[in-house]
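Letter by letter, the chains look like this.
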Amino acid sequence: MSGLKRSEVAVLVALWAVAHLGVAIAQGPTSPFAGNLVDPDAFMRLIKIESWLKNWDSGQGGWYDVLIARDNAPYGLVLHWTRLFDLLVLLGAAPLLLFGVGLHAALFVSGAAISPALHLAALFAVIWAFAPIVGRDARPLLGLLFVAQPAVFSHFMAGRADHHSLIALLFVLVLGAMIRLLRAPETAAAAVLAGVAAGLGLWVSEEGLLALALAYVALAVLWLARGGAAAIAGRRLSLALLATLMLALALERPPGDWASHDLDRISLVHVALAFAAAIFWASLVYVPKLTSITSRLLACAGAGLLPLVLMLAVAPRFFLGPMADMDPRIGPIWLAHVAEARSLLHGDRGSLGRLLVYLGPVLLGAVGLARHIRARWNDPPDLAAAFYLALSLAAFGTLATKELRFAVPAEIVALGPLVLLLDEIMRLASARLAPALAALPRVAVVLAAAVGCTGLGLAVVGHGNAGVLTVVPPTACPLQSLAALLDDPTGLGASPKTILAFLDIGPELVYRTPHRSIGSPYHRNGAGIYDAWRALATDDIDEAKRLMRRRRVDLVLLCPSLPERAYFEGQNGAASLYARLVAGSGPAWLKPVPLPPALGSFRLFPVAR
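One numbering rule holds for all chains: residues counted from 1, following each sequence as written. Totals for whole chains, interfaces and linings use every residue, but because this is a predicted model, local features are given only for residues with pLDDT of at least 70 and side-chain atom pairs only at 80 or more, for both listing and counting. Calculation of side-chain values draws on the structure's entire complement of heavy atoms; hydrogens and water are dropped beforehand.

**Student:** Looking at this structure, how should I read the packing of aromatic side chains?
**Tutor:** Given two aromatic rings, one states the distance between the centres and the angle between the planes to describe the pair. Side-chain rings of Phe, Tyr and Trp, where Trp is taken by its six-membered ring, are said to pair if the distance between their centres is within 6.5 Å; with planes under 30 degrees apart they count as stacked, over 60 as edge-to-face, and otherwise as tilted. Across all of its chains, the model carries 14 aromatic pairs by this definition. Here the aromatic rings of phenylalanine 280 and tryptophan 281 are separated by 5.0 Å at their centres, their planes lie at 80 degrees, and the arrangement is edge-to-face. Buried residues are those whose accessible area, probed at 1.4 Å on protein chains only, stays under 20% of the maximum for their type, while exposed residues exceed 50% and partly exposed ones sit between those limits. Among the residues examined, phenylalanine 280 registers a relative accessible area of 15% and is labelled buried. When its relative accessible area of 2% is taken as the criterion, tryptophan 281 is described as buried. Within the aromatic cluster, the residues linked to one another by ring pairs are Phe502, Tyr567, Phe568 and Tyr578. By the criterion adopted, a ring carries a charge over it if an Arg CZ or a Lys NZ lies within 6 Å of its centre and within 35 degrees of its normal. The ring centre of tryptophan 63 lies 5.8 Å from the NZ or CZ of arginine 83, which sits over that ring.

**Student:** Would you mind showing me how to read the packing of helix H9 (residues 208–226) against helix H10 (residues 229–252) here?
**Tutor:** Packed helix pairs are characterised by how far apart their axes lie and by the angle those axes make with each other. At a closest axis distance of 8 Å, the pairing of H9 and H10 adopts a crossing angle of 160 degrees. Between H9 and H10, the crossing angle belongs to the class labelled roughly antiparallel. By crossing handedness, the relation of H9 to H10 is classed as left-handed. Contacts between H9 and H10 involve Leu212, Tyr216, Leu219, Leu222 and Trp223 from the former and Ala230, Ala231, Ala233, Gly234, Leu237, Ser238 and Leu241 from the latter. In terms of residue class, the contact of H9 with H10 is made up of 10 nonpolar, 2 polar and no charged. Working convention: axes come from line fits to C-alpha atoms, limited for helices to the stretch in contact. Angles between N-to-C directions cover 0 to 180 degrees. Comment: elements are numbered from the N terminus, with helices defined as DSSP H or I runs of at least four residues and strands as E runs of at least two. Under this scheme an angle from 65 to 115 degrees is roughly perpendicular, one under 35 degrees roughly parallel, and one over 145 degrees roughly antiparallel; angles in between are oblique. The hand of a helix crossing depends on one turn: near helix anticlockwise from the far one by less than a right angle means left-handed, and clockwise means right-handed. Contacts between residues were defined by any pair of non-hydrogen atoms, one from each residue, lying within 4.5 Å. Charged means Asp, Glu, Lys or Arg here, nonpolar means Ala, Val, Leu, Ile, Met, Phe, Trp, Tyr, Cys or Pro, and polar covers whatever is left, Gly included.

**Student:** What's the story with helix H1 (residues 6–26) in this structure? I'm lost.
**Tutor:** Helical geometry note: an α-helix holds 3.6 residues per turn, so side chains three or four residues apart project in the same direction. Between its first and last C-alpha, H1 extends 30 Å over 21 residues, near the 30 Å set by a 1.5 Å rise per residue. Among the residues making up H1, those that are buried are Glu8, Val9, Leu12, Trp16, Ala19, His20 and Ala24. One side of H1 holds all its buried residues, which, seen down the axis, span an arc of 135 degrees. Exposed side of H1, more than 90 degrees from the buried face: Arg6, Val11, Val18, Ile25 and Ala26 are the residues found there. Along its buried surface, H1 packs onto helix H4 (103–130), helix H5 (139–148) and helix H6 (150–155). A positive backbone phi angle near 60 degrees is found at glycine 28, which sits one or two residues after H1. Working rule for helices: expected span equals 1.5 Å times residues minus one. The directions from the helix axis to the C-beta atoms are what the arc is built from.

**Student:** For this particular structure, what's the right way to read the environment of phenylalanine 602?
**Tutor:** Take phenylalanine 602: it is sitting in the loop between helix H24 (577–583) and strand E6 (603–606). The exposure class of phenylalanine 602 is buried, given its relative accessible area of 6%. Taking the C-alpha atoms as reference points, phenylalanine 602 and valine 152, 450 residues apart in sequence, are found 34 Å from one another. In this structure, phenylalanine 602 is in contact with Cys477, Pro478, Leu479, Leu482, Leu557, Leu558, Cys559 and Leu595, ignoring residues within four places of it in sequence.

**Student:** It is not clear to me how the sheet that holds strand E4 (residues 516–517) should be interpreted in this structure. Could you clarify?
**Tutor:** Where strands meet in a sheet, backbone hydrogen bonds hold them as pairs that are either parallel or antiparallel. At least two DSSP bridges between two strands are required for those strands to pair. Across the sheet, 4 strands lie side by side as E4-E3-E5-E6; this open sheet has mixed pairing. Two strands lie at the open edges of the sheet, namely E4 and E6, each paired on one side alone. Bridge count between strand E3 (residues 498–500) and E4: 2 bridges; the pairing is parallel. Bridge pairing in E4 places isoleucine 499 opposite serine 517.

**Student:** I'm lost on the nonpolar core in this one. Help?
**Tutor:** Generally speaking, soluble globular proteins have nonpolar side chains that are buried together. One finds Phe130, Leu145, Phe146, Met178, Leu389 and Ile412 to be the most contacted residues of the largest nonpolar core, which totals 142 residues. Leu482, Leu503, Leu577 and Leu581 belong to the second largest nonpolar core, which has 44 residues in total. Within this scheme, the nonpolar core is defined by two criteria: the residues are buried Ala, Val, Leu, Ile, Met, Phe, Trp, Tyr or Cys, and they are joined through side-chain atoms within 4.5 Å.

**Student:** Looking at this structure, how should I read helix H19 (residues 479–486)?
**Tutor:** Of all the positions in H19, only Leu479, Leu482, Ala483 and Leu486 are classed as buried. Projected down its long axis, H19 carries its buried residues within an arc of 105 degrees, all on one side. Looking at the buried side of H19, the elements it contacts are E3, helix H20 (506–512), strand E5 (555–558) and E6.

**Student:** Any chance you could explain the side chain of aspartate 65 here in plain terms?
**Tutor:** Topologically, aspartate 65 is positioned in the loop between helix H2 (40–57) and strand E1 (67–68). As a buried residue without a salt bridge, aspartate 65 has its nearest oppositely charged side chain in arginine 83, at a separation of 6.2 Å. Not counting residues up to four positions away in its chain, the partners in contact with aspartate 65 are Trp52, Asn55 and Arg83. A residue counts as positive if it is Lys or Arg and as negative if it is Asp or Glu; His and the chain ends are not included. Any Lys or Arg side-chain nitrogen located within 4 Å of an Asp or Glu carboxyl oxygen qualifies as a salt bridge.

Printed below as a string of structure tokens:
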């Protein structure tokens, strides 16, 4: 594995295992060991897979069946998620199914374990990716620091049955392939690997577009500087990308849907993009040899006109971004509050701390990269790869301050340069000490790099919030216990019902019970998000009744927590229907039913017809 010794591999695997086990245990009652998953997406992913398999088995669906019938009630929901991650979860569940474990339990175990398994693969993929620029002795440090990155680890946690872990792994493969390709543009294998990995990334999610764009920019700059093989490399990458996306389109959609122009899910738009890129690079391959950068720049601009015209003709909305079709009403009431889409700079006293936690290693990596570029200034292959890393670090680091999700690729890109910097520091420190003490600076530097930024950042966050945030005791809302009540065929669960609740609760309700939900935290459920929010946030009781009647709501479920209150009371405060229900002054057609004390703060209101 990129030149690692067996002992080093064993230590890294042990570190990975201890980290995941320790975090899972620390989660306590919210951990997979207690039957829980990390977030709503994990529950919804298992719902999607299980409903697909059950419908297929009963003859009511097939491979292309992607409707989740019990969400966005009574209409159902087609998510933008694709099949590739589903297949990985199903592959992990297959051995359990062969030994007689039920489908529901087997998918839960596989879903809980899939992201840590991908984390282990990504750990060694990171070492492979940076092997061309990091010396043999420093490579184990890559694995150690990879496990210690907070944003990266959060995407690979046990219990997170979420395609973001697969996106991160594929990004590492693109990164490693591009480092090799830019150092040696004539290497066909690196170009094909980059194209296939980028294509798989786009199949999983449109988030892979930025990684692809950065790869193309780096190749274009290399062609402008040196000409020749960079265009051939771009053509090979694009053809591999095109082949992968055509296969993905055929596997993901039925033939009658191949002409779909979805922006947020693999479609003809993405195939057209790969085709346009192949045209661009093929044009540059056949451009006569140009001796000046100015002439190559003009040729590059001219070659880009035809692909641009093609994309404008086939999919003009592509340039509006993958969220162009989102219901505009849900932006301010939902998307603005999604954690991974929020800025690290909230304008409060904790901003500096959050920057240190998530981007501290990135800033150190930028220092290491600057020193690496200076040392390799007269080495064109290394300089080309370093430029690509600098471009990626600048892009993802800047975007991470705007949206937290981009901290993951930023931390990954920074790892190689950060290890170069740390290795240099450790060598200088060791050279100034006696041989018997030479190991001390290495241990100190490694520990400081692994936990220093995170610890300091958390301390700053805590100090900055002192006296600013009111400490509110957490509201106990044990959803597993409530699910047992709702699933009771002799009581409230006598028949499937439609439940109106906070959108983050919806997926778990559908997962644990036979009931239906309305709101769920996905941009394709714009109408469901808006109707569920409006029905409780409004101060117009008649409007609330009309919305609930149209959605055929049977039960209203509340768990008066800070996020839920902020969500439903944000518009009308104490006058909202939500506030009135919490205060016990709701309308006559929404009378609470008594719940056992074990259900904590849950409040349940049957809707009188």
